[in-house]
Structures are given as structure tokens and as C-alpha cells.
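Here's the letter readout for the chains.
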Amino acid sequence: MRTIGLIGGMSWESSAEYYRIINQRVRDQLGSLRSAQVLMYSVDFGPVAQAQHDGRWDDAAQVLEDAARRLQAGGADCVVLCTNTMHLVAPRIEAAISIPFLHIADAAGQAAVAAGTLNVGLLGTA
């Protein structure tokens, strides 16, 4: 089984949802006593949120780049970002690591194609 690296903390509630859903899927596919191999790096969202508010996206990206590098160094085989808004800096995170970054837009697009959907509405922060 591969190890999933989760960048969490933005908010801890969404991080918990990612962890819960990943483990439910593993349990459903592999059996009741099975769970995912997960590493989570939970950032302090306060400085990231302030950087967002101030338009300092480079500063926010640096925090997440560092988290991704730490997950890779810890043995993660891929990295997932447990938030929507910060996907604005996804290319920076992806460039900071040599393991796959699993982007939420890719999964959403694949699900839309599989469902035969031509128009998709997404909700998110401005």
C-alpha cells in the first residue's frame, strides 16, 4: 500500500473529512480492519489566511511547499491538499516535490467526464 501525504490545517475540520473519507474508502475496498497509510502535515492556518487576505500568495505558497517537502521526506508517495482555495498555488507545490501531487480539479474533471456531464458548477471562495 502506498502512503498518502496530506497537507492539512486549513481548516482542521476539512482535514478530518479528507482523513475520514480516505479511510472509509480503504475499509470498503479492503475490509473492515484496513485503513490507509497516511502522513499528515497540519499547517497553522492563521499566517496562511493572513497572507491570503494581504494578497501575499507567494508567502502562502512557501508554507505549503515546505509542508509538501516534509511529507515527501517522511515517506509519502503522493501529496493531497486538504482545502480548495489554496489550490491556487498548486503549481508551486507540485514543483517543490518529485512525487505526484493529486489535484482536486483533476479528480472533479474525471468524475464529470465519467458522468457524461458537459456543464459543471463549482462552489468555492472568491
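Scroll up to find the structure.
Scoring rules and cut-offs
- The written sequence of each chain sets the order in which its residues are numbered from 1.
- In keeping with the model being predicted, local features are shown solely for residues with a pLDDT of at least 70 and side-chain atom pairs are shown and tallied solely at 80 or more, while totals for entire chains, interfaces and linings include all residues.
- Remark: hydrogens and water are excluded; side-chain values derive from all non-hydrogen atoms of the structure.
- Runs of E in the DSSP output that reach at least two residues are strands. Runs of H or I that reach at least four are helices, and both are numbered from the N terminus.
- In this scheme, a residue with accessible area under 20% of its type's maximum is buried, one over 50% is exposed, and one in between is partly exposed, where area comes from a 1.4 Å probe on protein chains only.
- Residues grouped as a nonpolar core are buried Ala, Val, Leu, Ile, Met, Phe, Trp, Tyr and Cys residues, joined through side-chain atoms within 4.5 Å.
- Pairing between two strands is assigned when DSSP locates at least 2 bridges connecting them.
- By convention, a crossover is right-handed whenever its connection, traced from the first strand over the helix to the second and viewed with the strands pointing away, goes clockwise.
- In what follows, salt bridge is the name for a side-chain nitrogen of Lys or Arg lying within 4 Å of a carboxyl oxygen of Asp or Glu.

**Student:** Looking at this model, I keep getting lost on the environment of A49. Mind explaining?
**Tutor:** Assignment of secondary structure puts A49 in helix α2 (residues 45-54). Residue class for A49 comes out partly exposed when judged on its relative accessible area of 26%. Taking the C-alpha atoms as reference, A49 lies 8.5 Å from M10; in sequence the two are 39 residues apart.

**Student:** Just to check I follow, could you spell out the nonpolar core for this structure?
**Tutor:** Nonpolar side chains in soluble globular proteins tend to be buried together. Formed by 21 residues in total, the largest nonpolar core has its most connected members in I7, M10, L64, V79, L81, M86 and I93. Looking at this core, the elements that each hand over two or more residues are α2, α3 (57-73), β3 (78-81) and α4 (90-96). No other element matches α3, which puts six residues into this core. Residues L6, I22, V26 and C82 belong to the second largest nonpolar core, which totals eight residues.

**Student:** Mind showing me how you'd approach the pairing of strand β2 (residues 37-42) here?
**Tutor:** Regular strands show a simple pattern: their side chains alternate between the two faces of the sheet. In the sheet, strand β1 (residues 3-8) pairs with β2 via six bridges, with the strands oriented parallel. Paired with G8 across the two strands is S42, which belongs to β2. After leaving β1, the chain enters helix α1 (residues 12-30) and then returns to the sheet as β2, a path that is right-handed.

**Student:** How should I be thinking about the pattern of salt bridges in this particular structure?
**Tutor:** For side chains of opposite charge, pairing can occur when their charged atoms come near one another. Going through the model one piece at a time under the given rule, you end up with eight salt bridges. Salt-bridge contacts for R20 lead to E17; the nearest nitrogen and oxygen are separated by 2.5 Å. Separated by three residues within a single helix, R20 and E17 lie in helix α1, roughly one turn from each other. Across the pair R56 and D54 runs a salt bridge whose closest N-O atoms are separated by 3.3 Å. For R56, a relative accessible area of 35% corresponds to the partly exposed category.

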